[in-house]
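Single-letter residue listing:
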Amino acid sequence: MRFVFDWQEYAARARQMAAEGAVLLRNEDGALPLRENECVSFFGRCSFEYYKSGTGSGGMVNAPYVVSIPEGLCRSGKVRINEALRERYLSWIAEHPFDKGPGWAQEPFSQQEMPLTEELVAEAAAVSGTAIVVIGRSAGEDRDAVYAEGSYLLSPAERNMLRLVCGAFRRTVVLLNVGSIMDMSWVAEYRPQAVMYIWQGGQEGGNAAADLLTGTVSPSGRLSDTIAEDIKDYPSTAHFGDPAENVYAEDIYVGYRYFETFAKDRVLYPFGFGLSYTSFAMRTTAFAAVGEEIRLGVSVKNTGSCPGKEVVQVYYQPPQGALTRPRRNLIRLGKTQCLEPGEEQELRFVFSVEEMSAYDDTGATGRRSAWVLEAGSYKIYVGSDVRRAAYAGKYTAHALRVTEQLEEACAPARPFDRMIIAGDPDADRPEIGYERVAARMSSAAKRIAERRPEAEACTGDRGIRLADVRGGRYSMEEFLAQIPDEELIPITRGEGMCSPKVTPGVAAAFGGVTEALKGYGIPVAACADGPSGIRMDSGTMAFSSPSGTAIACSFNTALTAQLYEYVGRELRMNHIDTLLGPGINIHRNPLNGRNFEYFSEDPYVTGTMAAAELLAMHRSGTTGTIKHFACNNQETKRSRANPVVSERALREIYLKPFEIAVKQGGAYSIMTTYGPLNGIWTAGNYDLNTAVLRGEWGYAGIVMTDWWAEISDDAGGLSRTFTAQMIRAQNDLYMVVNDAETGMPGDNAAAGLSSGVFTRGELVRSAANICRVLMNMPAMDFLLGETDEIEERNRPETEMGAVYPQPEAVCEAGGCELDASGLVTQGGSANIYSVRIPESGSYRMIFTLRSELGELAQSSVAVYVNNTIKGSFTVNGTEGGSVTRELVFDSSLQLSNYIRIYFAQSGLSVAGIRLVKEETA
Ligand code: BGC
């Protein structure tokens with residue numbers, strides 16, 4: 001492929017996305033935009049320490065830079081900053097550095113704030129009319145937010161800050177640098193003039209915030225979640241966080257579907273809400289129900305005084321029949337171009353009436369396990385948020401109609417009560433009732449036994465290679481028939497993390513991971529986290545993009561595609577075939593730690609954004625792995641807590657984004673969760689991975705487990721070694737093992753195949769899924785000798801500088817020599833070796849170096865193992881003499897590693913590097 005990779009162009013798209021995703025909730029007294037050349041005072045340490053993302057695998061991008069908000073503002077040149085206050089903060093921060101916590105999933109939700117006094121705030125107010133208060137939050141994988149001060153609620157220090165600042169300043173603007181919504185009851189208490197969610201906007205976030213603050217861009221983001229008065233108002237809160245069982249009792253009444261039906265008065269800011277600096281008039285210009293299609297024309301006019309964009313949201317209100325249904329359901333969204341004052345644009349929408357179907361999982365309509373359109377009026381509403389959407393027209397269904405007959409799948413293992421509308425469904429405020437959901441009647445085991453695929457007998461090697469299948473000369477069946485069981489089983493294993501077989505520091509390698517598989521011409525593909533930028537633990541720089549929530553709130557699918565086109569190119573440039581993202585779980589509860597990686601409480605927004613990202617990445621032959629399939633809606637005990645959820649809620653809410661991503665986004669890579677779904681762990685869940693995904697949606701791609709996930713067997717056992725059950729369920733790939741040849745110690749695949757837990761037919765089925773995907777990935781192009789021509793422009797300078805891959809080293813028991821002949825020792829160069837050792841333990845790394853410089857010259861070398869710094873040393877000039885330097889790695893080497901040797905200054909030459917195993921006493 002040939003393409004241009006311009007970092008500035010990438011940054012411009014990300015900056016626009018971060019700006020378009022920001023949601024302005026309040027803007028009194030014309031507080032925003034800031035006045036030209038006025039002086040602003042920044043409060044809150046996050047002003048200077050911007051959160052580019054949340055934590056965990058989704059936040060580990062080695063970004064070249066992260067722009068803070070004051071930096072962005074300074075660069076705009078449009079306002080001045082209270083320098084004295086900034087200096088004060090910076091020196092306080094130097095003494096109270098950012099606390100990352102002791103490690104994985106330990107970073108505090110918020111950081112200590114500089115204590116403020118009335119005098120200090122008054123001093124600032126005397127020199128500036130506007131205060132900008134930045135409040136930041138962090139959460140992430142393995143760490144849900146909590147309903148406590150400093151997390152969902154403001155901390156006492158933040159309250160004090162708001163009290164003092166709002167009391168002293170004429171105008172206070174509060175910016176929320178967060179990954180998900182938080183408690184907003186303080187707005188009524190402190191009444192700041194303006195409040196805006198700027199989310200976690202990636203490395204360009206500060207520039208984007210500046211664009212909004214200065215009015216260069218008028219806010220056009222809309223809430224992708226409902227903000228209620230209190231956390232308890234979300235019906236999921238009663239069950240969220242339970243370590244054993246998470247009952248989805250609210251069923252389909254998630255987010256605005258609940259609030260607009262039962263509790264309008266508990267909403268502070270409705271779904272879809274967001275202000276602009278200008279105003280718009282929206283009207284429906286055309287409405288027609290033509291056959292099975294609804295067609296709408298909506299005109300938007302900028303009636304204000306500055307340019308801006310408006311979001312159009314189309315909802316439907318279905319009739320209440322045998323199934324009770326939410327009063328509002330989003331069915332289409334659109335965003336205007338930037339309209340000049342007085343300018344008007346018409347947006348057109350078309351959808352099929354079938355899309356308004358409900359799923360009957362009880363047979364209440366007489367049609368069990370079917371999508372049905374019940375008789376009655378389907379009213380269409382159009383507006384700029386769910387509350388303001390106005391009636392536009394209706395479609396009448398004269399009789400009940402089955403739009404798709406399916407079969408029971410993924411149903412609950414036990415009965416439970418779910419929310420419905422009780423009494424008069426058309427009452428102003430309908431009553432909440434509950435109905436019993438029955439336990440499942442079908443058996444996945446029976447289905448597996450009845451639907452086993454056959455495989456052709458093994459033919460032995462006929463010389464057919466995967467390229468022959470790609471070229472249409474042989475079928476996939478003929479190709480795979482050549483490969484004996486023991487050689488084929490390893491294709492179901494991914495290697496990682498940091499497998500030396502692919503790009504340094506990525507999450508996994510899969511495909512041709514053994515010599516035998518490689519021999520058949522199967523390429524090795526690479527996957528990397530995701531979702532908001534590429535994670536390479538080698539320290540390689542990558543672009544950090546806005547988080548999922550920010551992207552969703554842009555309501556701009558075209559812009560999402562423009563940004564992800566660049567993500568796709570960046571993947572390809574780094575020889576990575578799939579990004580582990582987007583995350584498309586539903587924002588079921590505001591406390592979910594991974595909400596920043598996901599999009600919205602609404603399945604349509606979620607699915608549509610994911611589809612836009614995927615299609616854009618596909619343009620460069622790369623893709624995204626949509627995750628986590630399905631119902632990863634809490635991080636607390638995510639491998640154990642069992643979601644108890646109805647088939648209806650699954651189909652209408654939780655599986656829906658995946659269905660959209662598959663059908664509209666052409667998804668071909670999916671990751672299951674760590675946990676169960678209705679009692680069956682998703683990595684071995686046949687109904688989920690086969691009956692629904694492949695059977696109903698026609699999916700032909702791969703399914704991979706989450707990293708080191710467990711799989712359940714039929715007898716209630718649970719283990720990482722149950723890959724036989726995994727293959728049987730058509731979760732094709734186990735992620736991840738150290739060595740694909742042998743798999744996880746105790747892996748039951750070989751035994752499971754001979755004892756009939758799964759069959760060769762099932763093994764071949766998964767192998768075919770994997771090969772079908774691989775054969776169209778960049779890894780295949782590269783294997784076949786194709787090369788890319790990439791014109792890289794405007795690469796940012798980074799601390800780590802340029803990265804130079806070095807030859808792989810495979811150590812014997814005593815150690816090994818690293819080939820230093822191609823080492824680049826120029827200042828700012830990072831050299832990366834992939835090093836395999838036969839057993840873990842302590843190793844000593846011995847450098848033999850030389851420098852021509854004088855003795856006062858200082859040259860430093862830093863050594864990182866798997867992205868963690870392990871030591872550094874400085875060598876003075878030796879005037880040509882030779883010196884040795886040693887570093888000891890105490891048990892920090894794993895079986896496969898990346899060792900990065902970084903030269904901070906030029907001047908050294910390296911004669912040799914040896915790695916020697918330490919003797920144990
Ligand atoms: C996460 C996944 C991630 C994987 C690889 C897991 O801990 O749940 O989302 O893609 O690690 O880093």
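Up top you'll find the structure we're talking about.
Residues numbered from 1 in each chain as written. Predicted model: local features only at pLDDT ≥ 70, side-chain atom pairs only at ≥ 80, totals over all residues. Heavy atoms only, no water.

According to the stated counting rule, one finds one disulfide in the structure shown. Each sulfur of the disulfide joining C811 and C816 lies 2.1 Å from the other. The burial state of C811 is the same as that of C816; both residues are buried. Unpaired in terms of disulfides, C553 finds its nearest cysteine sulfur in C46, a separation of 19 Å. Since its relative accessible area comes to 0%, C553 is described here as buried. Between C631, a cysteine without a disulfide, and C410, which holds the nearest cysteine sulfur, the sulfur-to-sulfur distance is 9.0 Å. Judged by relative accessible area, C631 falls into the buried class, the value being 7%. (Disulfide = S-S within 2.5 Å. Buried < 20%, exposed > 50% of the residue type's maximum accessible area, 1.4 Å probe, protein only.)

Around the ligand, the surrounding shell holds 14 residues, and the nearest of these are E141, D529, R594, H628 and D706. R535 is positioned with one of its side-chain polar atoms (N or O) 3.5 Å from an oxygen atom of the ligand. One of the side-chain nitrogen or oxygen atoms of K627 is found 2.9 Å away from an oxygen atom of the ligand. Taken by itself the ligand offers 310 Å² of open surface, and the protein chains cover 97% of this. (Near = heavy atom within 4 Å. Polar contact = N/O pair within 3.5 Å; in protein donor to acceptor, adjacent residues only side chain to side chain. Areas by Shrake-Rupley, 256 points an atom, 1.4 Å probe, with all protein chains shown as cover.)

Across the sheet, three strands lie side by side as 28-30-33; this open sheet has parallel pairing. A strand with exactly one partner marks an edge of an open sheet, and here the two such strands are strand 28 (626-629) and strand 33 (702-704). Averaged over all adjacent pairs, the angle separating strand axes in this sheet is 30°, with direction ignored. Across two bridges, strand 28 lies against strand 30 (residues 669-672) in parallel orientation. Bridging across to strand 30, F629 finds its partner in T672. Its contacts with the sheet put helix 18 (residues 656-663) on strand 28 and strand 30, and the angle it makes with strand 28 is roughly 145°. (Pairing = 2+ DSSP bridges. Helix = DSSP H or I, 4+ residues; strand = E, 2+ residues; numbered from the N terminus. Axes fitted to C-alpha atoms, helices over the stretch in contact; angles between N-to-C directions. Contact = heavy atoms within 4.5 Å.)

Okay, helix 18 next. Across the eight residues of helix 18, six count as buried, placing the element largely inside the fold. Looking only at helix 18, the buried set comprises P657, F658, E659, I660, A661 and V662. At its buried positions, helix 18 is contacted by helix 16 (603-618), strand 28, helix 17 (647-654), strand 30 and helix 19 (686-696).

Here the focus is the sheet that holds strand 14 (residues 329-335). In space, the four strands of this open sheet follow the order 14-13-18-19, with antiparallel pairing throughout. Unpaired on one side and paired on the other, strand 14 and strand 19 (390-397) mark the two borders of the sheet. Along the sheet, successive strands turn relative to each other by an average axial angle of 20°, direction set aside. Pairing between strand 13 (residues 311-317) and strand 18 (residues 376-383): five bridges, direction antiparallel. Of the residues in strand 18, the one forming a bridge with Q317 is K379.

Here we take up the side chain of E408. On the secondary structure map, E408 appears in the loop between strand 20 (401-405) and strand 21 (416-422). Polar contacts involving the side chain of E408 include one to the side chain of R368, which spans 2.6 Å. Leave out the neighbours within four places in its chain, and E408 touches R368, S369, R440, M441, S442, R447, E647 and R651.

What follows concerns the pattern of salt bridges. Under the counting rule described, the total for this entry stands at 69 salt bridges. One salt bridge in this structure joins R836 and E495, with 3.7 Å as the shortest N-O distance. With a gap of 341 residues between them, R836 in strand 41 (residues 829-836) and E495 in strand 23 (residues 493-495) connect regions that are remote in the sequence. Overall, R836 belongs to the partly exposed group, its relative accessible area being 22%. Of the residues examined, E495 reaches a relative accessible area of 1% and is grouped as buried. (Salt bridge = Lys/Arg side-chain N within 4 Å of Asp/Glu carboxyl O.)

Here we come to the nonpolar core. If you look at soluble globular proteins, the nonpolar side chains tend to sit buried side by side. F43, M184, Y197 and F479 are the most contacted members of the largest nonpolar core, which totals 224 residues. Excluding residues within four positions of it along the chain, F479 makes contact with I464, R465, L466, V469, Y520, I522 and C771. Core analysis: the second largest hydrophobic core is formed by 28 residues, C811, Y843, V865 and F873 among them. (Core = buried A, V, L, I, M, F, W, Y, C linked by side-chain atoms within 4.5 Å.)

Axis separation between helix 2 (residues 69-76) and helix 7 (residues 205-214) bottoms out at 7 Å; the angle between their running directions is 55°. Comparing their axes, helix 7 and helix 2 come out oblique. As helix 2 packs across helix 7, the resulting crossing turns out to be right-handed. Residues I69, G72, L73, R75 and S76 of helix 2 lie in contact with helix 7, whose contacting residues are G206, N207, A209, A210, L213 and T214. (Parallel < 35°, antiparallel > 145°, perpendicular 65-115°, else oblique. Left-handed = near helix turned anticlockwise from the far one by under 90°.)

Turning to helix 7, a few remarks are in order. Turn by turn, an α-helix covers 3.6 residues, leaving residues three or four places apart pointing in a common direction. The element helix 7 is extensively covered by neighbouring structure, given that ten of its ten residues are classed as buried. Turning to helix 7, its buried residues number three or more, namely G205, G206, N207, A208, A209, A210, D211, L212, L213 and T214. Packing partners of the buried residues in helix 7 comprise helix 1 (7-21), helix 2, strand 5 (130-136), strand 6 (171-177) and strand 7 (194-197). Following helix 7 by one or two positions, G215 adopts a phi angle in the positive range, close to 85°.

In this section: the pairing of strand 46 (residues 896-903). Counting buried positions along strand 46 yields eight of eight residues, so the element is predominantly enclosed. Both faces of strand 46 are covered, namely the face carrying S896, Y898, R900 and Y902 and the face carrying N897, I899, I901 and F903. Pairing geometry for strand 41 and strand 46, over eight bridges, is antiparallel. Note that in strand 46 the partner of I832 across the bridge is R900.

Here we come to the environment of N642. Position of N642 among the secondary structure elements: in strand 29 (residues 642-644). Given the relative accessible area of 15%, N642 is considered buried. In this structure, the C-alpha to C-alpha distance between N642 and T759, residues 117 residues apart in sequence, is 29 Å.

It is worth spelling out the packing of aromatic side chains at this point. Inspection of the entire model under this criterion finds 28 aromatic pairs. Taken together, a centroid distance of 4.5 Å and an interplanar angle of 35° make the contact between Y256 and F271 tilted. Residue Y256 is located in helix 8 (residues 256-262), and its partner F271 is located in the loop between strand 10 (267-269) and strand 11 (280-290); the two are separated by 15 residues in the primary sequence. Accessibility assignment for this pair places Y256 and F271 in one class, buried. Between F479 and Y520 the ring centres are 6.5 Å apart and the planes differ by 85°, which places this aromatic pair in the edge-to-face class. Taken together, the positions of F479 in helix 11 (residues 476-481) and Y520 in the loop between helix 13 (515-519) and strand 25 (524-529) put the pair 41 residues apart, joining distant regions of the chain. According to the relative accessible area criterion, F479 is buried, its value standing at 0%. A cation over an aromatic ring shows up here: R143 above the ring of F109, its NZ or CZ 4.1 Å from the ring centre. Of note, R328 hangs over the ring of Y381, and the distance from its end group to the ring centre comes to 3.8 Å. (Phe/Tyr/Trp six-rings, centres within 6.5 Å; stacked < 30°, edge-to-face > 60°. Lys NZ or Arg CZ within 6 Å of the ring centre and 35° of its normal.)

Turning our eyes to something else, we now look at the side chain of D251. On the secondary structure map, D251 appears in the loop between strand 9 (245-247) and helix 8. Relative accessible area serves as the criterion here: at 1%, D251 is assigned to the buried category. In terms of polar contacts, D251 uses its side chain to reach the side chain of S646, at 2.6 Å. Residue contacts for D251: discarding those within four places in its chain leaves R418, M419, S646, R648 and A649.

Another aspect to go through is the environment of G511. Checked against the element boundaries, G511 lands in strand 24 (residues 508-511). Each C-alpha atom, one on G511 and one on C771, is 7.4 Å from the other, the two residues being 260 residues apart in sequence. Apart from the residues within four sequence positions on either side, G511 is in contact with I491, L517, I522, P523 and L774.

These figures capture arrangement, not role.
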